[in-house]
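# Remarks on the overall topology
Letter by letter, the chains look like this.
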Amino acid sequence: MGGSTPGIRGSDGRWGAYAAAITRWETLTRPAPPPTDAAGRLRADFVEWMQGLELGWVTATPGLS
């Protein structure tokens with residue numbers, strides 16, 4: 001799995017050693033959102049994706065900031 005596969009986001013170089021795992025999880029769920037924000041903080045929607053939760057399960061909860 002050393003090369004880049006067109007159309008598979010986990011193979012774009014930004015995931016490093018985790019590219020294969022990201023690619024497998026993307027095939028089972030949905031494309032991975034960016035892992036961090038502009039300040040380098042972990043994004044909630046990325047954690048939601050890692051856990052296999054539906055889009056918005058945590059990040060679109062009314063009253064949650």
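### As for helix 1 (residues 19-28)
Within helix 1, burial applies to Ala19, Ile22, Thr23 and Glu26. Angularly, the buried residues of helix 1 cover 100° about the axis, an arc narrow enough to put them on a single face. Taken together, the buried residues of helix 1 touch helix 2 (44-50).

### Structural notes on the nonpolar core
If you look at the biggest cluster of nonpolar residues, it comprises six residues: Trp15, Ala19, Ile22, Ala32, Phe46 and Trp49. Broken down by secondary-structure element, the contributors of at least two residues to this core are helix 1 and helix 2.

### What to know about the environment of Val58
Of note, Val58 is situated in the segment after helix 2. Given the relative accessible area of 34%, Val58 is considered partly exposed. When the C-alpha atoms of Val58 and Glu48 are compared, they prove to be 6.7 Å apart, with 10 residues separating the residues in sequence.

### Quick word on the side chain of Glu26
Looking at the element boundaries, Glu26 is found in helix 1. The exposure class assigned to Glu26 is buried, which follows from its relative accessible area of 11%. For Glu26, the side chain forms a polar contact with the main-chain nitrogen of Ala32, separated by 2.9 Å.

Basis of the calculations
Residues numbered from 1 in each chain as written. Predicted model: local features only at pLDDT ≥ 70, side-chain atom pairs only at ≥ 80, totals over all residues. Heavy atoms only, no water. Buried < 20%, exposed > 50% of the residue type's maximum accessible area, 1.4 Å probe, protein only. Helix = DSSP H or I, 4+ residues; strand = E, 2+ residues; numbered from the N terminus. Arc of directions from axis to C-beta. Contact = heavy atoms within 4.5 Å. Core = buried A, V, L, I, M, F, W, Y, C linked by side-chain atoms within 4.5 Å. Polar contact = N/O pair within 3.5 Å; in protein donor to acceptor, adjacent residues only side chain to side chain.

Everything listed here is a matter of geometry and, on its own, says nothing about what the molecule does.
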